[in-house]
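Results of the structural survey
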Amino acid sequence: MEQRAYFERGLEIIRRLNELTYEAYLIGGVVRDFLLQIPFTDIDIATSATPAQVLEAFPKAQSKATELGCLTLKEDVGIFEITTFRIEEYTKTRKPSQIHYSTKLNDDIPRRDFTINGLAMSASQKIIDFCKGEKDLKKKLIRTINKPKKRFKEDPLRILRAFNLIAHLNFSLEKKTKEAIEAMPEALFEISEYWLSMEMIKIFTSPYGQKALKQMKKLSLIPFLPLYGEGLLIVMRS
């Protein structure tokens, strides 16, 4: 994958949506990694266009999770996930009980996990930052958007994603975020084996995986990962 061509095509897609009067932005990891000047692996796009309107603009887009407002556009240069701005409400763990489409980016940002993943970029490459993500990037901090205990209760997978970011970026947990993780390790039992394995593989294979694993041990999370507990201790000793 040629990064520059992939990135430029992402900008072209949001320009096309803009031409059709919809708001659209590159969002999340691609913006974070662009600002850090490190390689990115995927491109997410957030837009005010509904899935039906995205399909009108890009008929080759495929329904990946239409109930979540998400379409996948596969092209030679790479894959683009195009998602409608939305507001989520949780009454149970992991899956939002209600999803409402929105036409405003600042409605969509609060549902995202960490401030450094809440950054957006316009077609002109202007950065939109509603949650001080750029400040945390400079400080190399992983901080939840809004109250950490609430965010981790909504979706405990966010706990492992925090360690995935440590493993990938060599960042540290912000104080309140770390305290929330330490206070609710049992939330990890809510994660399915599939998603647990997906996140752990990312941690194992990232440049600073050992740092992430040591932090997990320090916060006494290992006993709450029964599929991996003893293996993690062996990996950390090697």
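Quick note: structure is the one above.
Right, let's walk through the structure included here. Counting from 1, residues in each chain are numbered in the order their sequence is written. Under the rules for a predicted model, residues below a pLDDT of 70 receive no local features and side-chain atom pairs below 80 are neither given nor counted, while totals for whole chains, interfaces and linings still include all residues. The side-chain values count all of the structure's non-hydrogen atoms but skip hydrogen atoms and water molecules.

Bringing the side chain of Arg111 into the picture now. The residue Arg111 is located in the loop between α4 (105-108) and β8 (120-121) in this model. Here Arg111 falls in the buried class, since its relative accessible area comes to 16%. N or O atoms within 3.5 Å of each other form a polar contact, as long as, within protein, one can give a hydrogen and the other can take it, and as long as residues adjacent in sequence are counted only when both atoms are side-chain atoms. A polar contact is formed between the side chain of Arg111 and the side chain of Asp108, at a distance of 2.9 Å. Note on definitions: a residue-residue contact is assigned when non-hydrogen atoms from the two residues lie within 4.5 Å. Setting aside chain neighbours within four positions, we find Arg111 in contact with Thr83, Arg86, Glu88, Arg151 and Arg158. In DSSP terms, a helix is any run of H or I states spanning at least four residues, a strand is any run of E spanning at least two, and both are numbered starting from the N terminus. For each residue, the accessible area found with a 1.4 Å probe, counting protein chains only, is set against the maximum for its type, and the residue is called buried under 20%, exposed over 50%, and partly exposed in between.

Before going further, it helps to spend a moment on the pattern of salt bridges. Pairs can form between side chains of opposite charge once their charged atoms are near each other. The salt bridge criterion pairs a side-chain nitrogen of Lys or Arg with a carboxyl oxygen of Asp or Glu, the two atoms within 4 Å. Taken as a whole and judged by the stated rule, the model has 17 salt bridges. Here Glu75 ties to Arg9 by a salt bridge, and the two come within 2.7 Å at their closest N and O atoms. With Glu75 in strand β4 (residues 70-75) and Arg9 in helix α1 (residues 3-19), the pair connects residues that are 66 residues apart, well separated along the chain. A relative accessible area of 27% means that Glu75 is categorised as partly exposed. Measuring nitrogen to oxygen at the nearest pair gives 2.9 Å for the salt bridge that ties Asp136 to Arg143. A relative accessible area of 2% places Asp136 in the buried class. Put simply, Arg86, Glu88, Asp108, Arg111 and Arg112 are held in one network by salt bridges that share partners.

What a helix should span is 1.5 Å times the count of its residues minus one. Helix length check: α1, at 17 residues, gives a terminal C-alpha distance of 24 Å against a target of 24 Å (1.5 Å per residue), a fit within 8%. Residues Tyr6, Phe7, Gly10, Leu11, Ile13, Ile14 and Leu17 constitute the buried set of α1. With its buried residues spanning 150° around the axis, α1 presents them on a single face. After α1 finishes, the residue Thr21 shows a positive phi value of roughly 80°. Note that the arc is computed from the directions linking the helix axis to the C-beta atoms.

Two numbers describe a pair of aromatic rings. These are the distance of the centres and the angle of the planes. Aromatic pairing here means that ring centres of Phe, Tyr or Trp (its six-membered ring) are within 6.5 Å. Orientation follows from the plane angle: under 30 degrees is stacked, over 60 is edge-to-face, and everything else is tilted. Enumeration according to the criterion identifies 7 aromatic pairs in this entry. A ring pair is formed by Phe7 and Phe34, whose centres lie 4.8 Å apart and whose planes are at 5°; its orientation type is stacked. Of this pair, Phe7 sits in helix α1 while Phe34 sits in helix α2 (residues 29-36); the two residues are 27 residues apart in sequence, bridging distant segments of the chain. Here Phe7 falls in the buried class, since its relative accessible area comes to 2%. Every member of this aromatic cluster is reached through a ring pair, and the members are Tyr6, Phe7, Phe34, Phe40 and Phe80.

Time to look at the pairing of strand β6 (residues 86-89). Side chains of β6 alternate between two faces, with Arg86 and Glu88 buried and Ile87 and Glu89 left unburied. Looking at chain direction, β6 and strand β7 (residues 98-101) are connected through 4 bridges and run antiparallel. Looking at β7, one finds that Glu88 is bridged to Ile99. Here a strand pair is declared whenever DSSP counts at least two bridges between the two strands.

What follows concerns the environment of Ser220. Along the chain, the position of Ser220 falls in the loop between α10 (209-218) and α11 (229-237). Taking C-alpha positions, Ser220 is 7.8 Å from Pro185, a pair spaced 35 residues apart along the chain.

Nonpolar core, defined: a set of buried Ala, Val, Leu, Ile, Met, Phe, Trp, Tyr and Cys residues in which side-chain atoms within 4.5 Å join the residues together. Core analysis: the biggest nonpolar cluster contains 60 residues, and Leu17, Leu26, Ile45, Ile142, Phe163, Ile181 and Met216 have the highest contact counts within it. Looking at this core, the element that brings in the most residues is helix α7 (residues 157-169), giving 9 residues. Apart from residues no more than four positions distant in its own chain, Ile181 is found in contact with Phe152, Ile159, Ala162, Phe163, Leu173, Leu219 and Leu221.

As a packed pair, α2 and α7 sit with axes 13 Å apart at the nearest point and diverge in direction by 30°. Between α2 and α7, the angle falls in the class roughly parallel. Our pair here, α2 against α7, has a crossing hand that is right-handed. Each of Arg32, Asp33 and Leu36 in α2 lies in contact with α7, whose residues at this interface are Leu165, His168 and Leu169. Across the contact of α2 with α7, the residue classes break down as 3 nonpolar, 1 polar and 2 charged. Lines fitted to the C-alpha atoms define the axes, with helices restricted to the stretch that makes contact. Angles between their N-to-C directions range from 0 to 180 degrees. Any angle that is under 35 degrees is reported as roughly parallel, and any over 145 degrees as roughly antiparallel; angles of 65 to 115 degrees are reported as roughly perpendicular and all others as oblique. Crossings are sorted by hand: turned counterclockwise from the far helix by less than a right angle, the near helix makes the crossing left-handed, and turned clockwise it makes it right-handed. Polar here means any residue outside two lists: the nonpolar Ala, Val, Leu, Ile, Met, Phe, Trp, Tyr, Cys and Pro, and the charged Asp, Glu, Lys and Arg; Gly therefore counts as polar.

The backbone phi angle of Thr21 is positive, close to 80°, even though this residue is not glycine. As for its position among the elements, Thr21 is in the loop between α1 and β1 (24-27). Given a relative accessible area of 70%, Thr21 falls into the exposed group. One non-glycine residue with positive phi stands out, namely Ser220, at about 60°.

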